[in-house]
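A look at the structure
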Amino acid sequence: MLDTLGLYPTWYVPTIGTAWVMGIIGTIHVLASHTSVGASWLFALIETKSVTENKPELMEYIKKYGVFLLVFSYIIGSITGPGIWYAITVASPRGVGGLIHNFVWVWAAEWVYFTVEVIGVYALVYLIGKIDPRTHLKLTWVFALASWATMLLIVGILSFMMWPGNKSWYDTGSTLDAFFNLNFFAHLGLRTAFMFAIAGAVGGILAATMKDKNVRIEITRFLSKMGLAGVFLGMIMWMWYVQTLPSNAKIIMQTQLPGYIAPTLFAVLGATLVYFSWTAWKPMQLKQGFAIAMTAIIAIAGLWPEERSRESIRKPYVAGQYIYSNQTIARDVPGKQIKSNLPLIAEKGILATHPFVPESLRHVTAANRLQAGEFITKVMCANCHSMGATGLRPMIQKLHGSTDVAQIKAYLSGALYNGLVPYMPRIPLPDKEQELVAEYLASLSQKSSHLQTIALATKGE
Amino acid sequence: MELDSHSIATTLQVLRDPAGIPSHPIVFQVLMIATWVFHILFVNIALGTAGLSLYAFAKRQTPHWERLSIGMTKAAKVSVSMLIVLGVAPLLFTQVIYDPQWYSSNILSGAWAIGFIFTLILGYSSWFTFYFKNHQGASGTVVWWGIIGLAFFLLDGFIMHALSYQALLPDQWMSWYAPNGKVDMSGTHIHAWQAGRFLFFIAMSVTVLGAFLKAYVNYYRVREDYEADYLTFVNRLGTKIILVGVVAQIVTFTWWLADLPASFHAFSSPLALAIFAILILLCGVSLRQQKVPHVTSYQALAVTVVMAAVIATFRELLRMQYMLPYGYDIETYKVMEDIPSTALFFLTFIGVGGLVGGFFLTAIYKAGRTQGVYEASPTVNKLANSAIGIMIVWVGIFFMVGIFTWVSNTL
Ligand code: HEM
């Protein structure tokens, strides 16, 4: 028993890798969920205005946005929420398992909110005009607070994925220490700011369709102000957030992110500021198409690179700086009686300790060397690297198309064995398995056509 | 290559999460079963009302059927939302105590697990489209939106079933992962299913639909815009549907039991017998109610809730039997007590679930039964104020604890 590692089978997705599967579902979810939390606050604020200033016509807007939200956020948001679990499950089962086992009660509490929220959104939308306005206003405020509570609860878990930020949790294993980690509050501020901005942008899609001119102007101005407030708060929170990141994240941010990311994010930020200022100044010029375009820009050019970066800068870990994204446990965590997997890997290798090694690969022969090498490589590397020439950090490119087994092995026995690369796991394979992996990796480049290899090698990164 | 039960036992042990679990395993097991009861009930209501709305759509020349089709489309729409949120809780708890089984099963069919998410989005969007288009005098072609929606729901139910069932067969995982010794990491296959078991849950949808219709009648009986004539029609239909469902359930349940390993002695299991008994009881009651179609109540629905609870327990006992040869016992899961987070859940469940959930549900229930505008009674008003109160207190405590913890760990 002591000689077996807790490694699951691997699901290998060609080219895009499981990381992108997670990224796609995650981005859709973030868009839908932040819109719905932000909108709940918008509803509460506008409805307060409607009741105190006696402007029942404003409720028409809430009704419209609410129905839209039901379709857009609640179908997509509530399915992609568990969808993220499914995606991490098949990409990084140890990662999701680790989070579940540290935070099950937090998630269970979030589920309580999630359930009342779904009931609440139906109540909010369908009871407009069916119950007295004061009671409805209370309902909307409770809904807004409950929606925000789901955010409060998830942010601690997400930011623990980055790191605890201090050593207490490793010693105590306490959920509170893990949850209120170093970057919790900055991250919460960032997401709260973002939810106002995105709800402001999406809200424009509906505001532009309001028939009553005064209502349309009033709502559009309100959305603009909320959006601007969100963007400014977001910028401040971003600066704080960056300060709370671990050093591996800072290194990756500075050296490893694709060059287009920072300029793109700045461009989106600028566009958002211009957009909200414009719509505040000339509310009647806000057309539905603009609002849809703005939402799409934020989602595709803002959120997608941001989500992908957040995931990249967490490398090589998936959670708490103790689980690597290739399923291995990177260190001891005394507070939870968790032991590192690395000594056993260094001693016995993968083929002898992985429970899902086919019997035919347990004993390496001349005939199955390549298959054995492929198995180890996919288990240890495929979570972050595609085995082809294209796609996610393609291995052929990263190795500059090398077919030199000794050279590749030197990399495995040097940098990887000793964990010298800050954004890659320590992968201490024993000598025999380094040889197998190196042979397999070399064969990848041999396979791809000679010309292509040269082209890639000269193009470099 | 098949594995012997000793190495399977080892594998299951090491795949357990090394962090252990923060409370006694039975707590999670009970919550898993209890929350799954509501998941499956809403699955049944969703599939049942969706099916009926399509059937009624075909007969929409008759006003009663048209009205029913529209009503059922809406009911299915809400039920799918509910089945999703109510699926999240058992999904969480099953991952706590059965993580080796659930994760292995999901990874071995990775493409299906992810396909489940996207097809559910497509199916639900299609259903929403049907809902927006299915009104009086709707053209015949709109029904395709509904058909596509329901087809995806059924597909998703089947994926759920296969993932649950594959999780019970660890001795076959290796042969799925590496058929003939060749590793297949594509996750594009469904490896195992059990027709009797899956069809049983579909048949159950018929029974639960019948009970739901009778409850629907009882709920709307007080509204003047729901004529007695229509309600009696629905009530009579409900009884008939229950009878059909009960027979289908008896057949499929027998099929399921017959497919189980002989060592389970399934036919003499007390819970299996209890399920047969409930079905026969429901049959008898419905036959009697057929004679008095104007009498309405929530009785049948209550019986189906009990039935679902017994089925959920039976399903869990089966899982324990499947795991017996491998010595997998949730009671041996490493427990690392965590009192604060346990308290967080239970207090939130009682306080927020009770007051906020209670407030929302009461408002919906009362307003739905009122024609025109509902004026909150003093009790409902008090409930509303307590809901606001509990939220403020909750957020306040959250930040106090958070700031204290953060400051003491960071500074
Ligand atoms: C239209 C969509 C769905 C349908 C028709 C459906 C149907 C079912 C059925 C029939 C089962 C029983 C399978 C068996 O025991 O053989 C089941 C189990 C389950 N479902 Fe769903 N389901 C749906 C969506 C969901 C969603 C969205 C979630 C999660 C958020 C979920 C979570 C679960 C869980 C956790 C189980 C129990 C798994 C186990 O204990 O092994 N379901 N579902």
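Residues numbered from 1 in each chain as written. Chains lettered and ligands numbered in written order. Predicted model: local features only at pLDDT ≥ 70, side-chain atom pairs only at ≥ 80, totals over all residues. Heavy atoms only, no water.

A short note on the overall build of chain B
In terms of regular secondary structure, chain B is built from 13 helices and zero strands. Counted from the first residue to the last, chain B has its helices and strands arranged as α-α-α-α-α-α-α-α-α-α-α-α-α. A compact globule built from 411 residues would reach a C-alpha radius of gyration of about 22 Å, and chain B, at 24 Å, matches this within 12%. Here chain B has roughly 16700 Å² of accessible surface; of this, 71% comes from carbon and sulfur atoms. In chain B, the 22 positive side-chain charges and the 19 negative ones have mean positions that sit 14 Å from each other. (Helix = DSSP H or I, 4+ residues; strand = E, 2+ residues; numbered from the N terminus. Rg over C-alpha atoms; globule rule 2.2 N^0.38 Å. Areas by Shrake-Rupley, 256 points an atom, 1.4 Å probe, with all protein chains shown as cover. Lys, Arg positive; Asp, Glu negative; His and termini not counted. Charge placed at Lys NZ, Arg CZ, Asp CG, Glu CD.)

A word on the overall build of chain A
Scanning chain A from terminus to terminus reveals 18 helices and two strands. Radius of gyration (C-alpha) of chain A: 25 Å, near the 23 Å computed for a compact globule of 461 residues. Dimensions along the principal axes, computed over C-alpha positions, put chain A at roughly 85 × 50 × 35 Å. When each of the 461 residues of chain A is scored for burial, the buried share is 65%. (Buried < 20%, exposed > 50% of the residue type's maximum accessible area, 1.4 Å probe, protein only.)

Looking at the site of the ligand
All names here are of chain B. Close contacts around the ligand come from 24 residues, with H39, M160, H161, R197 and R315 the closest. Contact between the ligand and H161: an oxygen atom at 2.7 Å from a side-chain N or O atom of the residue. R197 places a polar side-chain atom, nitrogen or oxygen, 2.7 Å from an oxygen atom of the ligand. Of all the elements in the fold, those that place two or more residues in the shell around the ligand are helix 2 (25-58), helix 3 (63-97), helix 5 (110-133), helix 6 (143-166), helix 8 (195-220) and helix 11 (299-323). Sort the elements by how many residues they give to the shell around the ligand and helix 3 lands first, with seven residues. Of the residues contributing to the shell around the ligand, the split by class is 15 nonpolar, six polar and three charged. (Near = heavy atom within 4 Å. Polar contact = N/O pair within 3.5 Å; in protein donor to acceptor, adjacent residues only side chain to side chain. Nonpolar A, V, L, I, M, F, W, Y, C, P; charged D, E, K, R; others polar.)

Section: helix 3 (residues 93-126) of chain A
Residue and element names in this part refer to chain A. Look at helix 3: only 40 Å from first C-alpha to last across 34 residues, short of the 50 Å you get at 1.5 Å a residue. The largest bend in helix 3 is about 80°, located at F103. Counting buried residues in helix 3 gives 33 out of 34 residues, a clear majority hidden from the surface. (Expected span 1.5 Å × (residues − 1). Bend = angle between axes of the 7 residues up to and from the residue.)

Side note on the domain arrangement of chain B
All names here are of chain B. Domain assignment breaks chain B into domain 1 (5-337) and domain 2 (338-411). Computed from C-alpha atoms alone, the centre-to-centre distance between domain 1 and domain 2 is 30 Å. Domain 1 puts 15 residues into the contact, and the matching count from domain 2 is eleven residues. Note on domain 1 versus domain 2: buried area summed over both sides is about 970 Å², and carbon and sulfur give 50% of it. (Domains from an automatic or database assignment. Contact = heavy atoms within 4.5 Å. Buried area = accessible area lost by both parts, 1.4 Å probe.)

A look at the coordination of the iron atom of the ligand
Donor atoms from the protein around the iron atom of the ligand number only one, H39 of chain B (NE2), found at 2.2 Å. Residue position: H39 of chain B is located in helix 2. (Donors = N, O, S within 2.8 Å, 3.2 Å for Na, K, Ca; no water.)

Points about the side chain of K378 of chain A
Relative to the helices and strands, K378 of chain A resides in helix 14 (residues 369-381). Assessed through its relative accessible area of 13%, K378 of chain A is described here as buried.

Looking at the domain arrangement of chain A
Residue and element names in this part refer to chain A. By the assigned domains, chain A splits into domain 1 (17-324) and domain 2 (341-460). Taken over C-alpha atoms, the centre of domain 1 sits 39 Å from the centre of domain 2. Facing 15 residues of domain 1, the contacting portion of domain 2 comprises ten residues. Contact between domain 1 and domain 2 buries roughly 1000 Å² in total, counting both sides, with carbon and sulfur atoms accounting for 62%. Considering only the surface of domain 1 that becomes buried against domain 2, K315, P316 and Y324 emerge as the three largest contributors, covering 43% of it. If you look at where domain 1 meets domain 2, you find zero salt bridges. The tally of links from domain 1 across to domain 2 stands at two residue pairs in polar contact (both at pLDDT 80 or more). If you list the elements that add at least two residues to the side of domain 1 that touches domain 2, you get helix 1 (17-52), helix 9 (247-255) and helix 11 (288-313). (Salt bridge = Lys/Arg side-chain N within 4 Å of Asp/Glu carboxyl O.)

Overview of the confidence of the model for chain B
When pLDDT is averaged along chain B, the result is 94; 99% of the residues meet or exceed 70. Reported confidences for the modelled complex are a pTM of 0.93 and an ipTM of 0.94. (pLDDT = per-residue confidence, 0-100.)

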